[in-house]
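Fold and contact review
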Amino acid sequence: MVRLFKCKVQYIAKVLVPIVLCLWGSIAQAQKQLSGNPLFPGWYADPEAALFGNTYWIYPTYSAPYNKQVFMDAFSSPDLVTWTKHSHIIDTAAVKWAKRALWAPAIVKKGQQYFLFFGANDIQNDSATGGIGVAVANRPEGPFKDYLGKPLVGKFHHGAQPIDQFVFKDKDGAWYLIYGGWRHCNIARLKNDFTGFLPFKDGTLFKEITPQGYVEGPVMFLRNGKYYFMWSEGGWTGPDYSVAYAVADSPAGPFKRVAKILQQDPKIATGAGHHSVIKIPGKDEWYIVYHRRPLTEKDGNARETCIERMYFNGDGSIKPVVLTNTGVPARPLR
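An account of the accompanying structure is given in this report. Within any chain, residue numbers begin from 1 and follow the written order of that chain's sequence. Since the coordinates come from a predicted model, pLDDT governs what is reported: local features require at least 70, and pairs of side-chain atoms require 80 or more to be given and counted, while whole-chain, interface and lining totals use all residues. As a convention, hydrogens and water are excluded, and side-chain values are obtained from all of the structure's heavy atoms.

Looking at the nonpolar core
For this analysis, a nonpolar core means a set of buried residues of the types Ala, Val, Leu, Ile, Met, Phe, Trp, Tyr and Cys, connected via side-chain atoms within 4.5 Å. The cut-offs for exposure are 20% and 50% of the maximum accessible area for each residue type, with area from a 1.4 Å probe on protein chains only; residues under the lower value are buried, those over the upper are exposed, and the others partly exposed. With 39 residues, the main nonpolar core has Phe229, Met230, Ile261, Leu262 and Met310 as its most contacted residues. The contact criterion used throughout is that any non-hydrogen atoms of two residues lie within 4.5 Å. Residue contacts for isoleucine 261: discarding those within four places in its chain leaves Met230, Val243, Ala244, Tyr245, Ile288, Ile318, Lys319, Pro320 and Val321.

Quick notes on the pattern of salt bridges
The term salt bridge refers to a side-chain nitrogen of Lys or Arg lying within 4 Å of a carboxyl oxygen of Asp or Glu. For the structure on display, the rule yields nine salt bridges. In this structure, aspartate 73 and lysine 85 form a salt bridge, with 3.8 Å as the shortest nitrogen-oxygen distance. One end of the pair, aspartate 73, is in strand E3 (residues 71-77); the other, lysine 85, is in strand E4 (residues 84-91), and 12 residues separate them in sequence. Accessibility expressed as a relative area gives 3% for aspartate 73, which makes it buried. Each helix is a run of DSSP H or I of at least 4 residues and each strand a run of E of at least 2, with the numbering of both proceeding from the N terminus.

Observations regarding the sheet that holds strand E19 (residues 286-294)
The pairing criterion is simple: DSSP has to find at least two bridges between the two strands. Reading across the sheet, the three strands line up as E18-E19-E20 and stay open at both edges, with antiparallel pairing between neighbours. Both outer strands of the open sheet, strand E18 (269-279) and strand E20 (304-310), are each paired with one neighbouring strand and no more. Across the sheet, the mean angle separating the axes of adjacent strands is 30 degrees when strand polarity is ignored. Here seven bridges tie E18 to E19, and the two strands are oriented antiparallel to one another. Note that in E19 the partner of lysine 279 across the bridge is tryptophan 286. The convention used is that axes are lines fitted to C-alpha atoms, helices contributing only their stretch in contact, and that angles between N-to-C directions extend from 0 to 180 degrees.

Some remarks on the environment of leucine 323
Tracing the chain through its elements places leucine 323 in the segment after E20. In the structure, leucine 323 is positioned 55 residues away from isoleucine 268 in sequence and 6.8 Å away in space, judged by C-alpha atoms. Excluding residues within four positions of it along the chain, leucine 323 makes contact with Leu262, Gln263, Gln264, Asp265, Ile268, Ala269, Ala272, Tyr290, Arg292 and Glu308.

Here we look at the sheet that holds strand E17 (residues 257-262)
Strand order in the open sheet made by the four strands is E14-E15-E16-E17, with antiparallel pairing throughout. Either end of the sheet is taken by a strand with one partner, and the two such strands are strand E14 (216-223) and E17. Across the sheet, the mean angle separating the axes of adjacent strands is 25 degrees when strand polarity is ignored. The sheet contact formed by E14 and strand E15 (residues 226-233) spans six bridges and is antiparallel. Looking across to E15, one finds that valine 219 is bridged to methionine 230.

Brief notes about the packing of aromatic side chains
Pairing of aromatic side chains requires ring centres within 6.5 Å, counting the rings of Phe and Tyr and the six-membered ring of Trp. Pairs whose planes differ by under 30 degrees are stacked, by over 60 edge-to-face, and all others tilted. Taken as a whole and assessed by the stated rule, the structure comprises 27 aromatic pairs. Relative to tryptophan 286, the ring of phenylalanine 221 lies with its centre 4.8 Å away and its plane at 40 degrees, an arrangement referred to as tilted. One end of the pair, phenylalanine 221, is in strand E14; the other, tryptophan 286, is in strand E19, with 65 residues separating them in the sequence. Considered together, phenylalanine 221 and tryptophan 286 belong to a single accessibility category, that of buried residues. Between phenylalanine 221 and phenylalanine 312, the aromatic rings sit 6.4 Å apart at their centres with planes inclined by 80 degrees, giving edge-to-face as the arrangement. Highlighted residues: phenylalanine 221 in strand E14 and phenylalanine 312 in the segment after E20, separated in sequence by 91 residues. Phenylalanine 221 sits in the buried class, given a relative accessible area of 8%. Remark: a charge is flagged as sitting over a ring if the NZ atom of Lys or the CZ atom of Arg is within 6 Å of the ring centre and within 35 degrees of the ring normal. In this arrangement the basic side chain of arginine 223 is found over the ring face of phenylalanine 312, its NZ or CZ atom lying 3.9 Å from the centre.

Describing the pairing of strand E2 (residues 55-62)
Burial analysis of E2 places six of its eight residues in the buried class, the great majority of the element. Following strand E1 (residues 44-52), the chain reverses through two residues before pairing antiparallel with E2; glycine 53 in that reversal takes a positive phi of roughly 65 degrees. Strand direction decides the pairing type here: E2 and E3, joined by three bridges, are antiparallel. Of the residues in E3, the one forming a bridge with isoleucine 58 is phenylalanine 75.

Okay, structure coming up:
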């Protein structure tokens, strides 16, 4: 019996243990190959996703009470799975007119510089100082410095609060600023140096393009020659925050609401909205980066950044996005 017991122990030690360890290692490796949701720890919202070279970047709002929103962090990844935090890429010390409520960054690379557009101060009327600003840096991780010394948009036009800016480059090389809260959205053509705006053919600088249901958080992209315009609906502190879209033949529309494609899943999370979109270069492969609220949280600022695949139907319509806790597989760009 003793000899038989020793043989079993030896068998377990020499055969079964290595197999178990190998399987455990494979499971752990497979888990590492999924991004998981959230993508990184901490309360972050309104994520702006971008590709610079072979690196993914996310620029979110630091989700906290307005008076504590005095800086922004950024996150970079080679594969959507492993993320590096870049702390305080910009703060109110670098933007003298900004005091609070640094919100919803948008970023583009132009030449050898990176331009970060942001909302600040949550202004409620035209007599207040604040609105949409621009910062510039020589690297995507900053540090970013104030570009204009004043807001790019510091007044209300067509009822749109100057927040939630998105910068869109059209196929003809023209740059547009698309922005707006308070259920109004404007488009304006940026000067080539981003210091102001060029008038449209009718002489106006700002055109309202608000579709039905629009609240805030505009996003635009081109696919197969069509302009997809996306936005957030509902209240950002509540469970019904969501994303809808429209399609048009020009960046100025007209845009007619098609459908809602991102919303809460009572089994996963609530308040899924204020997103951005990533397209893999040379592929019809798309990802949606968004924020949502864990089921355990009731605080409006308890928002975390997540990612899912975004798919299209054969007719070009966007399929409803499925919320997951697993996220997406690793996707190196090299």
